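So the chains spell out like this:
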Amino acid sequence: MPPKRLYISALCIVEGNLKRSPEHYFHHLEPTLNMMRGGSLMFFYESAEILSRVTAVAEKYEINFLPQKLNFEDHPDYERAKTLAQRACDFRMDVFADAFPELTSNEKGFNQYFKFLNRGENLQAYGKQLVCTIGKYSLIKRAMAKYDFEELYWVDVSASRFNHKRKNFDFSKISIRKDAIHHYSSSQKIFGQTQKVQGSVLFGNRRAWTSFAELYDEIFEEYVRSGCIYPATDEPLMTLCHLKKPELFERVDLERRTLLHKAVGKLLSPFRKNLLIAMDQY
Amino acid sequence: MKKKRLYVSSLWIIEGNAKRSRQHYLDLLPETFKILRGEHLVFFCESEDIKAVALSLAQRYKVSLTIRHLPIQQHPDYALTRQMMDNIRPENFKIWADAFRGSGTHEKALNHQNWLQNSRHDIYSKVTTCTLGKTSLMNEIALENKYEEYFWIDASASRLGISGKMDFRRWRLKPGAINHRKSVMKLFGNRQTANGMVLGGEPQVWHKLHGIYQSLLKTYISTHCPHPGTDEVFMTLAAAQHPELFHCKNPKRTLMHKVIGKIIWKLRLTSFISRALN
């Protein structure tokens, strides 16, 4: 029986990436590929140097390696990514960033505008970085057109940075439960609301990906047309998808509310307000 | 001898205000005057019919009223507000306002979206001047008069509950600070510092706030900030620089809260209790 699962990943080193050095990606590459040991990996790359480094690691972990060259300029989402990058230059929230410096880490738009886009100074590199994240779904579509694997796992090369930091971090051990995009939770926020989806690892069957790609494409197009200046990546767009069709998503790191939680909650409910004040959460 | 307290308020009915109707204000104004029974009030307005309403209410509720005629376009902050509005466009965050609608975010930028979208640029500028411009009016009044305390009160402030500790008429002001109620609205998930409806302080505090506020407004304009700016936004930004300048009158986290919070944290029960309380 042919293998069911295909991992898909990509690595493009963008000169001028202000947040991540090339070494950041190479440092996490090996443990990420280790989790795919013995599996099949379709890998999008731009330079021969990246191909040779990744090939060596893939061989080490006996991965059925399926490389695919892709230049930024040929990425199907490059033009739309450039439009959003240009528009994000108007997200001039300097007064808020000065008053509340923590926003540059917690809030997605601030993080993108101040750390990646550097207040519009790093526009060209940002456009390229953006297409790498915002255009994942197009690469999945290519993978589905080229191969007939039933289960498709998008995995960022740096996905191992979450190892032991989130529940069920080893995605290779999680099986697909339903026709939905399986994902981890995000801690970043959009206007103070937690993003619904974290983009480092996303997986589902062909049916889920087909529905997802259609919805994502629609939302992406709407975002571009809307003139919105809030800097978006795949995660804000997936948050919009989630708000529209929550049934299309399945969180894999959910800490469930057990019977014990419910019983204690019931007992504490008369003191709810005071407890929340005590925990500084009110 | 200095008189104790002077209240200041205003009401401009802006034709085309997409958020509040003329009737909204006219319904709340009598109750606001009733709350101010026996007090001294300076009231800024433009139209003759509003002046007539204010005079009649003052008579009914024995408010010592001074009317100040001020066309909104001559408001000291009108020109700056119009400049600020050039960067605040309806399309900026509409997609997020629509997406989060109904989720009760109380997020200022999203809350303003509907209003912004359904208003002409000049109308939105005028409405914003009404809220944003209160510190300039307070500064002016505090310079001209000799009261110990100056209180801003929105014409529609009667929609606030004013029982117990929230009855501002009985507030003993914390010196050196603008005394205020907490706001439910948020800026990127963080609560704004103050609700702008009722604000009290000594004259020197108002002068200080006005200086900081004007400087922030100019920075806001020069940096082309696209976030809707109101009095509460600027007070939140001012409080980030000068937290000592603000004092919230709402009940606070008591020592008991702090002790219990510490115990919960030490026992590493924060996450469990949060989940239990859902």
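Parameters at a glance
- Residues numbered from 1 in each chain as written.
- Chains lettered and ligands numbered in written order.
- Predicted model: local features only at pLDDT ≥ 70, side-chain atom pairs only at ≥ 80, totals over all residues.
- Helix = DSSP H or I, 4+ residues; strand = E, 2+ residues; numbered from the N terminus.
- Rg over C-alpha atoms; globule rule 2.2 N^0.38 Å.
- Buried ≥ 20, exposed ≤ 12 C-beta atoms within 10 Å, placed from the backbone.
- Contact = placed C-beta atoms within 7 Å.
- Axes fitted to C-alpha atoms, helices over the stretch in contact; angles between N-to-C directions.
- Left-handed = near helix turned anticlockwise from the far one by under 90°.
- Nonpolar A, V, L, I, M, F, W, Y, C, P; charged D, E, K, R; others polar.
- pLDDT = per-residue confidence, 0-100.
- Core = buried A, V, L, I, M, F, W, Y, C linked by C-beta atoms within 7 Å.
- Pairing = 2+ DSSP bridges.
- Parallel < 35°, antiparallel > 145°, perpendicular 65-115°, else oblique.

Q: Explain the overall build of chain A to me, using residue names and the numbers behind them.
A: Scanning chain A from terminus to terminus reveals twelve helices and nine strands. For 282 residues, the compact-globule formula gives about 19 Å, and the C-alpha radius of gyration of chain A, at 20 Å, lands near that figure. Dimensions of chain A, computed from the C-alpha atoms along their principal axes, are close to 60 × 50 × 35 Å. Burial analysis of chain A (282 residues in total) assigns 41% to the buried set. Residue pairs in contact within chain A that sit at least 24 positions apart in sequence constitute 77% of those at least 6 positions apart.

Q: Describe the packing of helix α1 (residues 22-35) of chain B against helix α2 (residues 48-61) of chain B, and please don't skip the residues or the numbers.
A: Two measures define how a pair of helices packs: the angle their axes make with one another and the distance between the axes. All names here are of chain B. α2 packs onto α1 with a crossing angle of 35° between their chain directions and a minimal axis gap of 9 Å. Regarding α1 and α2, the two cross each other, and that crossing is right-handed. Residue-level inspection shows Leu-26, Leu-29, Pro-30, Phe-33 and Lys-34 of α1 in contact with α2, the latter providing Val-53, Leu-57, Ala-58 and Tyr-61. Its residues assigned to classes, the contact of α1 with α2 shows eight nonpolar, no polar and one charged.

Q: Tell me what's going on with the interface of chain A and chain B, and back it up with residues and numbers.
A: At the junction of the two partners, chain A supplies 40 residues and chain B supplies 40 residues. Among the elements that take part in the side of chain A that touches chain B, helix α12 (residues 272-278) of chain A stands out by supplying six residues, more than any other. By residue class, the composition of the side of chain A that touches chain B is 22 nonpolar, eight polar and ten charged.

Q: Outline the confidence of the model for chain A, supporting the account with residue identities and numerical values.
A: A residue-level look at chain A finds 99% of positions with pLDDT of 70 or above and a mean pLDDT of 93. Within chain A, α12 of chain A has the poorest average pLDDT of any element, 87, and helix α9 (residues 206-226) of chain A the best, 98.

Q: Quick one: what's the story with the nonpolar core, residue by residue and with numbers?
A: Ranked by size, the top nonpolar core spans 151 residues in total, and within it Ile-8, Leu-152 and Leu-237 of chain A together with Val-8, Trp-96, Phe-151 and Phe-234 of chain B carry the most contacts. For this core, the leading source of residues is α9 of chain A, giving eight residues. Counting residues in each nonpolar core, the second largest holds five residues, with Leu-275, Ile-277 and Ala-278 of chain A together with Ala-276 of chain B among its members.

Q: Run through the pairing of strand β1 (residues 5-11) of chain A, naming residues and quoting values.
A: Residue and element names in this part refer to chain A. For β1, a buried count of six out of seven residues is recorded, marking the element as mostly surrounded by other parts of the structure. As paired elements, β1 and strand β4 (residues 151-155) share four bridges and run parallel to each other. Bridge pairing in β4 links Leu-6 to Leu-152. Direction of pairing for β1 relative to strand β2 (residues 40-45): parallel, over a ladder of six bridges. Bridge assignment links Leu-6 to a residue of β2, and that residue is Ser-40.

Q: So what's going on with the pairing of strand β5 (residues 178-181) of chain B? Which residues, and what values?
A: Residue and element names in this part refer to chain B. Burial along β5 is two-sided: the residues Ile-178 and His-180 and Asn-179 and Arg-181 are all buried. Two elements, β5 and strand β8 (residues 195-201), share three bridges in a ladder whose sense is antiparallel. Across the sheet, the residue bridging to Arg-181 is Asn-195, located in β8.

Q: Could you give an account of the packing of helix α3 (residues 78-88) of chain A against helix α7 (residues 123-134) of chain A, naming the residues involved and the relevant values?
A: Residues and elements named next belong to chain A. Taken N-terminus to C-terminus, the directions of α3 and α7 make an angle of 125°; their axes are 8 Å apart at the nearest point. Judged on the interaxial angle alone, α7 and α3 are oblique. Relative to α7, α3 is oriented so that their crossing is right-handed. Where α3 abuts α7, its residues Tyr-78, Ala-81, Lys-82, Leu-84, Ala-85 and Gln-86 lie against Leu-123, Tyr-126, Gly-127, Leu-130, Val-131 and Ile-134.

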